[in-house]
Amino acid sequence: MDRDKLIRKLKTVKNPRERDKIIWALAGKEKDVSDDKPPSVQSSKTDSPRVPEQIAGLPKLPIDARKLVNYIAPAIFIFFGLVNLVQAIVHFIQTGLIEAAFPQLIMGIMFFIFGLFSIAKAKKRVQGVNADKKEA
């Protein structure tokens with residue numbers, strides 16, 4: 001190939017191996033290119049993980065574990081709601097002032113209600129998955 005054609009092709013090639021071959025051909029080592037693989041060009045990011053290879057090797061979660069994942073956020077909401085409610089009650093018992101415990105009481109009730117609604121939504125989602133599995 002002509003040197004100018006090689007340079008134009010080098011600008012458009014995306015494959016690193018092809019790029020290495022062109023660079024070696026421009027350096028005048030065309031015989032070595034066909035026989036041996038040239039050392040690949042290392043990127044500046046040496047610590048970057050290869051995501052597609054890692055994803056392919058990850059184990060699949062069982063169906064029951066995937067169903068349980070839907071209930072993690074609601075459980076956290078209910079936990080924080082109960083913690084805030086208990087703290088508000090303890091604060092009210094210690095001080096005797098409902099005004100001091102009122103903000104925490106409201107937060108606890110809101111977290112608890114959000115948790116209950118989230119559990120209902122997760123339950124519908126899991127039942128929808130079960131219906132899809134039964135039809136297939």
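Residues numbered from 1 in each chain as written. Predicted model: local features only at pLDDT ≥ 70, side-chain atom pairs only at ≥ 80, totals over all residues. Heavy atoms only, no water.

Draft legend 1. Spatial organisation of helix α6 (residues 72–95). Taking 1.5 Å of rise per residue, 24 residues should cover 34 Å, and α6 covers 35 Å from first to last C-alpha, within 8% of that figure. Along α6, the positions that sit buried rather than exposed are P74, I78, G81, N84, L85 and A88. Looking one or two residues beyond α6, the residue adopting positive phi is G96, at roughly 80 degrees. (Helix = DSSP H or I, 4+ residues; strand = E, 2+ residues; numbered from the N terminus. Expected span 1.5 Å × (residues − 1). Buried < 20%, exposed > 50% of the residue type's maximum accessible area, 1.4 Å probe, protein only.)

Draft legend 2. Layout of a nonpolar patch on the surface. The grouping of I89, F92, I93, I98, F102, I106, M107, M110 and F114 at the surface amounts to a nonpolar patch, some 840 Å² of accessible area in total. Elements with a contribution of two residues or more to the nonpolar patch: α6 and α7 (98–135). At 6 residues, α7 tops the list of elements feeding residues into the nonpolar patch. Tracing the backbone shows M110 in helix α7. Accessibility expressed as a relative area gives 38% for M110, which makes it partly exposed. (Patch = residues over 30% accessible without salt bridge, like charges linked within 9 Å, V, L, I, M, F, W, Y side chains within 5 Å. Areas by Shrake-Rupley, 256 points an atom, 1.4 Å probe, with all protein chains shown as cover. Salt bridge = Lys/Arg side-chain N within 4 Å of Asp/Glu carboxyl O.)

Draft legend 3. Layout of helix α2 (residues 16–26). Burial in α2 covers these residues: D20, I22 and A25. Near the N-terminus of α2, the side chain that reaches the backbone nitrogen of R17, with its oxygen 3.2 Å away, is that of N15. (Polar contact = N/O pair within 3.5 Å; in protein donor to acceptor, adjacent residues only side chain to side chain.)

Draft legend 4. Broad picture of the packing of aromatic side chains. Taken as a whole and judged by the stated rule, the model has 4 aromatic pairs. Taking 6.0 Å as the distance between ring centres and 40 degrees as the angle between the ring planes, the aromatic pair formed by F80 and F111 counts as tilted. Residue F80 is found in helix α6, and its partner F111 is found in helix α7; the two are separated by 31 residues along the sequence. Among the aromatic residues, those joined into a ring-pair cluster are F77, F79, F80, F111 and F114. (Phe/Tyr/Trp six-rings, centres within 6.5 Å; stacked < 30°, edge-to-face > 60°.)

Draft legend 5. Examining the environment of I7 more closely. With respect to the element layout, I7 can be found in helix α1 (residues 3–12). Along the primary structure I7 and I22 are separated by 15 residues, whereas in three dimensions their C-alpha atoms are 8.0 Å apart.

Draft legend 6. Molecular detail of the side chain of N84. Within the element layout of this structure, N84 appears in helix α6. On the accessibility criterion, N84 (14% relative accessible area) is buried. The contact partners of N84, leaving out residues within four places of it in the chain, are Q104, M107, G108 and F111. (Contact = heavy atoms within 4.5 Å.)

Draft legend 7. The confidence of the model for the protein chain, seen in detail. The predicted model of the protein chain has a mean per-residue pLDDT of 79, with 70% of residues at 70 or higher. The least confident element of the protein chain, judged by mean pLDDT, is helix α3 (residues 30–35) at 48; the most confident is α6 at 94. Predicted confidence is poor over residues 31–36, with pLDDT under 50, and the contacts of this stretch with residues over four places away or in other chains come to 4 contacts. (pLDDT = per-residue confidence, 0-100.)

Draft legend 8. Representation of the packing of α1 against α2 in the model. Running from N to C, α1 and α2 cross one another at 155 degrees; their axes reach a closest spacing of 10 Å. Relative to α2, α1 is oriented roughly antiparallel. Of the two possible hands of crossing, α1 and α2 adopt the one that is left-handed. Counting all contacts with α1, which are made through R3, L6, I7, K9 and L10, the residues of α2 involved are E18, R19, I22, I23, A25 and L26. Looking at the contact of α1 with α2, its residues break down into 7 nonpolar, no polar and 4 charged. (Axes fitted to C-alpha atoms, helices over the stretch in contact; angles between N-to-C directions. Parallel < 35°, antiparallel > 145°, perpendicular 65-115°, else oblique. Left-handed = near helix turned anticlockwise from the far one by under 90°. Nonpolar A, V, L, I, M, F, W, Y, C, P; charged D, E, K, R; others polar.)

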